[in-house]
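A look at the structure
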Number of protein chains: 2
Amino acid sequence: MQTAFRNDIPAPALAPALSPVSPLLRPERESPTLGTVRTFTKDEEIFMEGDNAAFVYKVVSGGVRTCKLLNDGRRQIAAFHLLGDFFGIEVGQEHRFTAEALGDCKVIAYRRRGLDVLSGGETLSEQLMTALMRALERAQAHMLLLGRKSAQEKIAAFLLDLAEREIDHRHIELPMARIDVADYLGLTIETVSRTLTQLERQGVIAMPAHRRSIMLKDKAALQRLDA
Amino acid sequence: MQTAFRNDIPAPALAPALSPVSPLLRPERESPTLGTVRTFTKDEEIFMEGDNAAFVYKVVSGGVRTCKLLNDGRRQIAAFHLLGDFFGIEVGQEHRFTAEALGDCKVIAYRRRGLDVLSGGETLSEQLMTALMRALERAQAHMLLLGRKSAQEKIAAFLLDLAEREIDHRHIELPMARIDVADYLGLTIETVSRTLTQLERQGVIAMPAHRRSIMLKDKAALQRLDA
DNA sequence: CGTATGTTTGACGCGAATCAATTTTCGTGG
DNA sequence: CCACGAAAATTGATTCGCGTCAAACATACG
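Now for a quick tour of the structure.

Rules of the game
- Residues numbered from 1 in each chain as written.
- Chains lettered and ligands numbered in written order.
- Predicted model: local features only at pLDDT ≥ 70, side-chain atom pairs only at ≥ 80, totals over all residues.
- Heavy atoms only, no water.
- Helix = DSSP H or I, 4+ residues; strand = E, 2+ residues; numbered from the N terminus.
- Buried < 20%, exposed > 50% of the residue type's maximum accessible area, 1.4 Å probe, protein only.
- Polar contact = N/O pair within 3.5 Å; in protein donor to acceptor, adjacent residues only side chain to side chain.
- Contact = heavy atoms within 4.5 Å.
- Near = heavy atom within 4 Å.
- Nonpolar A, V, L, I, M, F, W, Y, C, P; charged D, E, K, R; others polar.
- Pairing = 2+ DSSP bridges.

1. Points about the environment of B:I89
All names here are of chain B. Among the structural elements, I89 can be located in the loop between strand 6 (86-87) and strand 7 (98-101). Judged by its relative accessible area of 5%, I89 is buried. Sequence-wise, I89 and M215 are 126 residues apart; in three dimensions their C-alpha atoms are separated by 37 Å.

Set out below in structure tokens:
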């Protein structure tokens, strides 16, 4: 299905000096060429999760995989990038996933600039660009959840994520029904319900009678579950 | 985890008339206000997959779910959007997923302009914006695959997707190993291998001895499998 | 109240994972 | 070119997590 960042357009033309380039991602100006070609061999790492995201990449030959890992080694590949595809675009300072060569391959690395402009953009289009990248980060994290996590791990991650958005980080008011939780986590309502009562019996969470709010009694336990 | 398009920034300030707004997504200029508030009740549809993507939305109160459906009703929610989150950003003319209210809620609708500028942008930043949105679309489709499809359906979708990228749309040269396919589709190598030989026995595909290339003998059968 | 809707609980079955073994492919050096 | 060992892919037997089916229970609402 997905080989993201698909893009058949040839290497970008040099923008006229005063063209309205978005401040978010600007080509290197000092360099007469817009990017540097780099070569990799099979399974070689192009960048790792946590690396400084100084470059944006485009595949020239061969293929690349971008993936996320759980601490026990389970892996979810978010996308394959083939000829012409971009990868490594980030909202923040660092890469949120690892990129490795599928086989021998060549990529162009474009230097990024003005990254910090991203936080707190004021125009609608800047906000949208930021929202878009955040959404993509979240989508990648969610793919890891959907593809590689157990029911317990999914629920734990979900609760921790929701709690982050509450004023009191230990108390959740669920704004959605069980069926929505199930369809979000790739489970059934029965499994969602069973897993919640299981966590309740273990004393990790507590739920009042109407079951629409959840108290996180043992956040550390949830974090342990969230592989 | 994921409640995509997270954005705590207040409503965007009106950009100065000549600020370098990206041509991709531009606020309505004719209107003195930047958006229109709309109210929805529980399960009410905000927009549907296929609708014209004339607006971009932001949650003001309550919550929204964006989801994709398979023809038999299986559903995958890509994200929940709560206070301050944007949703409905699209690369093309139409929405790629459905948005519905989780409960009573209010959203601001920002009118979009200059959408067609998207195709064939020439500067690097325009290409990146396009790549970013394409990647998000693909990530959403992949979430549906990971969360709701069977092994056969996953493999079928994967083969059809790869075939699209080949010169001959009926012949695939796999650039990656089985383990990569497995980690992309949320399966094990054993299941990938078994499913491929199963499809081969059914006469849907054919593989030579070295098993690195695949001929699609019955594309229609694959499309039927790809729910 | 009574009906509809949402949630929980239980019994059972199936699809995919796990465990294990074999076969094939491929890289390396004789 | 062939022999060897390592890595990749396939195949089989078995297990198990989660889905399915079904029913009871709770909550919301007219």
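Let us keep going from here.
2. Concerning the side chain of B:D183
Along the chain, B:D183 turns up in helix 3 (residues 178-185). Since its relative accessible area comes to 9%, B:D183 is described here as buried. Looking at B:D183, its side chain comes within polar contact range of the side chain of A:R148, at 2.8 Å. If we skip the residues at most four places from it in the chain, B:D183 touches A:R75, A:Q76, A:I77 and A:R148.

3. A short note on the protein's contact with DNA strand C
Residues in close proximity to DNA strand C total 18 residues, the closest being A:R178, A:T197, A:R211, B:A151 and B:T191. Contact distances for DNA strand C include 2.8 Å between a phosphate oxygen and a side-chain N or O atom of A:S193. Within the side chain of B:T188, a nitrogen or oxygen atom sits 3.1 Å from a phosphate oxygen of DNA strand C. Residue assignment for the surface near DNA strand C shows that the elements contributing at least two residues are helix 4 (189-201) of chain A together with helix 4 (189-201) of chain B. Broken down by element, the residue count for the surface near DNA strand C peaks at 4 residues, all from helix 4 of chain A. For the surface near DNA strand C, the per-class residue count stands at 5 nonpolar, 6 polar and 7 charged.

4. So, the sheet that holds strand 10 (residues 205-206) of chain A
An order of 9-11-10 (chain A) is seen for the 3 strands of this open sheet, with the pairing classed as antiparallel. Edge positions in the sheet fall to strand 9 (171-173) and strand 10 of chain A, since each of these pairs with one other strand and no more.

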